Amino acid sequence: MKKPSAIVFFFCILLMGLISCQEKAKRDYPAKPVDFTKVKVTDDFWLPRIKTNQKVTIPFAMQQNEETGRVANFKIAGGLIDEQYKGERYNDTDVYKVMEGAAYTLATDPDPILEKSLDELIEVIAAAQEEDGYLFTPRTAAPENQVVGIGEERWSNLAVSHELYNAGHMYEAAVAHFLATGKRNFLEIAIKNADLLVRTFGPDKLRATSGHQEVEIGLVKLYRITGNEDYLKLAKYFLDQRGKDLNLKIYPEGHRFSIYNEPTQIQAHKPVLEQEEAVGHAVRAMYMYAGMADVAALTGSEEYIHAIDRLWENVVNKKMAVTGGLGARHDRERFGENYELPNLTSYNETCAAIGSVMWNHRLFLLHRDAKYIDILERTLYNAVVVGVSLEGDTFFYPNPLASDGKYRFNKGAACRQPWFGTACCPGNLARFIPSMPGYIYAATGDAIYTNLFVTSQADVPLHQNTVRIEQKTDYPWEGKIQITVSPSQETEFSLFVRVPCWAQNRPVPGDLYRYGEEYEDKPKLAVNGKSMPIDLVKGYALIHRTWKEGDVILLDLPMPVRAVLSHPNVAENIGKVALERGPLVYCVEGIDHDGKALDLVLPEDPEVYAEFDPDLLKGLVVIKGKVLQNGNLKDLTAIPYYAWSHRGVGEMTVWLQSVR
Ligand SMILES: [Zn+2]
């Protein structure tokens, strides 16, 4: 009798192992994005941007990285050249971010020349890595501590040094390169560095965290690729360490780093689980919240989920510009007080907008609620795309909602600039734009989500087969969307089609912005020519049926010109309205109004209408109507906010005085 019981015992262990494996496998976002490599965008809005990013922005940024010595920094650190190190402590990331963007383009458009130049860069990066995995050129290249802020020895000034921030961007780039090419040359560098971090940091080791969040996101990506749970644990450790044992170096008043004396600047004033208000540096906050969402999804921690939900409520209801831009103050690139949302002086860094898209996307994957995509879409079409010119070679770092044409808000200029000493934003755009198609769809085991409206074709894995989804639309100019669903064999599943909050008489989830009046026309839905009522579930029209090849959904979102008002607590916007149409926020520029924009006043009935202008700024819908200037009625021309600053330096405003 002993033998069978041993066998039973063995099978029990095996079964327990299988169950625990399955439990582990379950711990992730309940929805998975349909990877950008599976979505072919063919529209007139995003495809030109993706192509411009590929043909102009990435080569331009790679060239800037060469010309400004950012690549040389790695060569000096690796002993490949003998020169004086001139870099800043965060310059390594400018190289990593552009490499990440280049890897994404390789994934969809193989290019042997680009691939070879990435391999050459990887060799240079490998040379700069120290024997034990440490990779941070400011220290390795200039061991006598010439680079300010990095601390006398490794990890000795983490609040300021960016050692871990740089590592995070390196991991993201290495994972992107591995996924695009299947090559491990960059990935091995990242793993060697991450293993050093695992050996170095932790409750029983060096207790510390990074002054600039990002390593958490990178570690999670490495965990997903390698399955090494130490990386996930370390990401959580770095988050949990905030608000504890910070050991901040205090700088004298007036020193360039005295901004780091205050732990709110780096969101380390309290443990992350106790933070309720978005404070401090906006980009750091976005990367932290995105990292928290990853940890929440991958560990199932309810506390983490509650904490990020609370922070989201604060940001969306009290701290977000109408464009989706985040970070009210130039001073320390940080959030202001609740409802502190200035226009001329608003900061709204491009990187913070990209970070917000990343964060809101993760919250959607976690909660499967369209309200996160509503914020994502607003941010994407307004606060993100404004960051790069239509030509792809000049950039905004801050994105104010008004300009007098004189205040040089953009690091010394009142218009877009080719490059910056701190070049975080161009690199961030270079890596974000090619990944954009990955935000259009998501799927769970038995449902597909259509989140964004872009003419495209996607292959979505579902059950044991693949569902091809084709979208045809003139979005964001028109609200008619045709979705053709073709499963490889007849299959029953739920299709969730987002009905944007702007089409339901709410510009945003929450009460920070509202429309001036209700609009009567409602969104319409039809399947195979038969109209059907919209069954709204968390902001999605739910269509559950047995789908067969060529089923067609028509969604019609009325797109009137809308006047938007702010919450009365936003002092700057009392008596003002902004114009919107669909997902786009509009602005007025001086060039269309005798050189002036800030003195324009919307009359009580401005008789506005929308009109497509194929010749203006590569083709866009303008809002026409009447406007008052010095008491005289004049023609109004409003253009999408993203398109401003292409016709010379001058006045611009999103918020217009209104006599209403
Ligand atoms: Zn930036």
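Just so it is clear, the structure is predicted and the values come from calculations on it, not from any experiment.

Colleague: Is there a simple way to think about the overall build of the protein in this case?
Modeller: The helix and strand tally for the protein stands at 16 helices and 24 strands. The C-alpha radius of gyration computed for the protein amounts to 25 Å, which stays within 12% of the reference 26 Å derived for 660 residues, consistent with globular compactness. If one aligns the C-alpha atoms of the protein with their principal axes, the spans along those axes are about 85 × 70 × 50 Å. Evaluated residue by residue, the protein yields a buried proportion of 60% over its 660 residues. Considering only residue pairs separated by 6 or more positions, the protein has 70% of its internal contacts joining residues 24 or more positions apart. With an accessible surface of roughly 25,900 Å², the protein has 51% of that area assigned to carbon and sulfur atoms. For the protein, the distance from the average position of its 72 positive side-chain charges to the average position of its 87 negative side-chain charges is 3 Å.

Colleague: Whenever I open this one, the sheet that holds strand E11 (residues 524-527) confuses me. Can you help?
Modeller: Sheet strands pair by backbone hydrogen bonding; their relative direction is either parallel or antiparallel. Taken together, seven strands build an open sheet; the order of strands is E2-E6-E7-E8-E15-E11-E12 and the sheet is antiparallel. Edge positions in the open sheet fall to strand E2 (39-41) and strand E12 (530-531), since each of these has one partner strand only. As judged from the four bridges shared by E11 and strand E15 (residues 551-556), these two strands associate in the antiparallel manner. When the bridges of E15 are listed, Leu525 appears paired with Leu555.

Colleague: Is there a simple way to think about unusual backbone geometry in this case?
Modeller: What you tend to see is this: most non-glycine residues have negative phi, and most peptide bonds are trans. Between Tyr475 and Pro476 the backbone carries a cis peptide bond, its omega angle lying at 5°. For Arg332, which is not a glycine, the phi torsion comes out positive at approximately 65°. Counting through the fold element by element, Arg332 comes out in the loop between helix H13 (302-318) and helix H14 (350-367). Relative accessible area serves as the criterion here: at 26%, Arg332 is assigned to the partly exposed category. Its identity is not glycine, yet Lys411 carries a phi of approximately 50°, on the positive side. Its place among the elements puts Lys411 in the loop between strand E3 (402-403) and helix H16 (424-432).

Colleague: Sorry, what's going on with the layout of surface pockets here?
Modeller: Gaps between atoms show up when a probe of the same size as a water molecule is rolled over them. Its boundaries defined by the atoms lining it, the largest pocket holds a volume of some 1,000 Å³. Lining the largest pocket we find 34 residues, and of these Pro33, Asp35, Leu179, Lys221 and Arg224 sit closest to its centre. Contributing elements (two or more residues each) for the lining of the largest pocket: strand E1 (32-33), helix H4 (92-108), helix H8 (163-181), helix H10 (215-226), H14 and H16. Across the lining of the largest pocket, the residue classes tally to 19 nonpolar, five polar and ten charged.

Colleague: Could you clarify how one ought to interpret the side chain of Ser456 in this entry?
Modeller: Along the chain, Ser456 turns up in strand E6 (residues 456-462). Under the relative-accessibility criterion, Ser456 is labelled buried at 3%. Residues in contact with Ser456, not counting those within four places in the same chain, are Val39, Lys40, Val41, Thr42, Ile440, Tyr441, Ile469, Glu470 and Gln471.

Colleague: What am I meant to see in the sheet that holds strand E4 (residues 441-443) here?
Modeller: Spatially, the six strands line up as an open sheet ordered E1-E4-E5-E9-E14-E13, and their pairing is mixed. The open sheet has two edge strands, E1 and strand E13 (536-537), and neither has a second partner. Where E4 meets strand E5 (residues 447-450), three bridges bridge the pair, whose relative direction is antiparallel. The residue of E5 that forms the bridge with Ala442 is Tyr449. Helix H15 (residues 370-384) rests against strand E9 (491-498) and strand E14 (540-547) of the sheet, and its axis sits at about 50° to E9.

Colleague: Where do I start with the pairing of E11 in this structure?
Modeller: On a regular strand, each side chain points to the face opposite its neighbour's, so the side chains alternate between the two faces of the sheet. Here E11 pairs with E12 via two bridges, running antiparallel. Counterpart to Val527 in the pairing with E12 is Lys530. Taking the residues that link successive antiparallel strands as the turn, the E11-E12 hairpin has two residues, and the phi of Asn528 there is positive, at about 50°.

Colleague: What should I look at first to understand the packing of aromatic side chains in this one?
Modeller: The relation between two aromatic rings is expressed through the spacing of the ring centres and the mutual angle of the planes. On inspection of all chains with the given rule, the structure shows 35 aromatic pairs. Measuring from centroid to centroid gives 5.2 Å for Phe36 and Tyr104, while their planes differ by 75°, and the two rings are edge-to-face. With a gap of 68 residues between them, Phe36 in the loop between E1 and E2 and Tyr104 in helix H4 connect regions that are remote in the sequence. For the residue pair Phe36 and Tyr104, the accessibility class agrees, reading buried in each case. Both rings, one in Tyr381 and one in Tyr475, keep their centres 6.1 Å apart while their planes meet at 75°; by these two values the pair is edge-to-face.

Colleague: What is the right way to read the coordination of the zinc ion from this model?
Modeller: Metal coordination angles have textbook ideals: 109.5 degrees for a tetrahedral set of four donors and 90 or 180 degrees for an octahedral set of six. Within the first shell, the zinc ion binds the protein through Glu349 (OE), Cys351 (SG), Cys424 (SG) and Cys425 (SG), at distances of 2.0 to 2.3 Å. Taken together, the four donor atoms surrounding the zinc ion define angles of 98 to 116° at the centre, an arrangement classified as tetrahedral. We note that the donor set of the zinc ion lies within a single chain, spaced as E-x1-C-x72-C-C. Taken together, the residues span a long stretch of sequence, with Glu349 in the loop between H13 and H14 and Cys424 in helix H16 at a distance of 75 residues.

Colleague: Is there a simple way to explain the environment of Gln417 in this structure?
Modeller: Examined against the element boundaries, Gln417 turns out to sit in the loop between E3 and H16. Given the relative accessible area of 19%, Gln417 is considered buried. When the C-alpha atoms of Gln417 and Glu572 are compared, they prove to be 28 Å apart, with 155 residues separating the residues in sequence. Ignoring anything within four residues of it in the chain, the contact list for Gln417 reads Thr394, Phe395, Asn410, Lys411 and Gly412. Reaching out from Gln417, the side chain makes a polar contact with the backbone oxygen of Asn410 at a distance of 3.0 Å. Among the polar contacts made by the side chain of Gln417, one reaches the main-chain carbonyl oxygen of Lys411 at a distance of 2.8 Å.

Colleague: Whenever I open this one, the confidence of the model for the protein confuses me. Can you help?
Modeller: Do not read the fine detail of predicted coordinates wherever pLDDT is low. Overall, the predicted model of the protein reaches an average pLDDT of 94, with 96% of residues at or above 70. Scored below 50 in pLDDT, residues 1-24 shows one contact in the model against residues more than four places distant or in partner chains.

Colleague: It is not clear to me how empty space enclosed by the protein should be interpreted in this structure. Could you clarify?
Modeller: Evaluated as defined, the whole model comprises five cavities of 30 Å³ or more. Its volume calculated, the largest cavity comes out at about 70 Å³. Lining the largest cavity are Trp502, Ala503, Asn505, Tyr519, Asp521, Lys522, Pro558, Pro560 and Arg562. Considered as a void within the structure, the second largest cavity measures approximately 50 Å³ in volume. In terms of lining, the second largest cavity is formed by Asp374, Glu377, Arg378, Arg498, Pro500, Cys501, Trp502, Pro507 and Pro583. Take the lining of the second largest cavity: its biggest share by element is three residues, from H15. Looking at the lining of the second largest cavity, its residues break down into five nonpolar, no polar and four charged.

Colleague: Help me out: how do you make sense of the nonpolar core in this one?
Modeller: Counting residues in hydrophobic clusters, the biggest one holds 221 residues, and the most contacted among them are Tyr171, Phe186, Phe201, Tyr289, Tyr642 and Val654. For this core, the element with the highest residue contribution is helix H12 (residues 282-299), accounting for 14 residues. Excluding residues that lie within four positions of it along the chain, Val654 makes contacts with Val322, Leu401, Val577, Ala578, Leu579, Val585, Tyr586, Cys587 and Tyr641. Judged by nonpolar contacts, the second largest core, of seven residues, contains Ala159, Tyr251, Ile266 and Ala268.

Cut-offs used in this document
- Residues numbered from 1 in each chain as written.
- Predicted model: local features only at pLDDT ≥ 70, side-chain atom pairs only at ≥ 80, totals over all residues.
- Heavy atoms only, no water.
- Helix = DSSP H or I, 4+ residues; strand = E, 2+ residues; numbered from the N terminus.
- Rg over C-alpha atoms; globule rule 2.2 N^0.38 Å.
- Buried < 20%, exposed > 50% of the residue type's maximum accessible area, 1.4 Å probe, protein only.
- Contact = heavy atoms within 4.5 Å.
- Areas by Shrake-Rupley, 256 points an atom, 1.4 Å probe, with all protein chains shown as cover.
- Lys, Arg positive; Asp, Glu negative; His and termini not counted.
- Charge placed at Lys NZ, Arg CZ, Asp CG, Glu CD.
- Pairing = 2+ DSSP bridges.
- 1 Å grid on protein atoms, 1.4 Å probe; cavity = no way out; pocket = protein on both sides within 12 Å on 5 of 7 lines; lining within 4 Å.
- Points joined across faces, edges and corners; volume = space filled by probe spheres on them.
- Nonpolar A, V, L, I, M, F, W, Y, C, P; charged D, E, K, R; others polar.
- Axes fitted to C-alpha atoms, helices over the stretch in contact; angles between N-to-C directions.
- Phe/Tyr/Trp six-rings, centres within 6.5 Å; stacked < 30°, edge-to-face > 60°.
- Donors = N, O, S within 2.8 Å, 3.2 Å for Na, K, Ca; no water.
- Tetrahedral: all angles 85-135°; square planar, octahedral: opposite > 155°, others 65-115°.
- Polar contact = N/O pair within 3.5 Å; in protein donor to acceptor, adjacent residues only side chain to side chain.
- pLDDT = per-residue confidence, 0-100.
- Core = buried A, V, L, I, M, F, W, Y, C linked by side-chain atoms within 4.5 Å.

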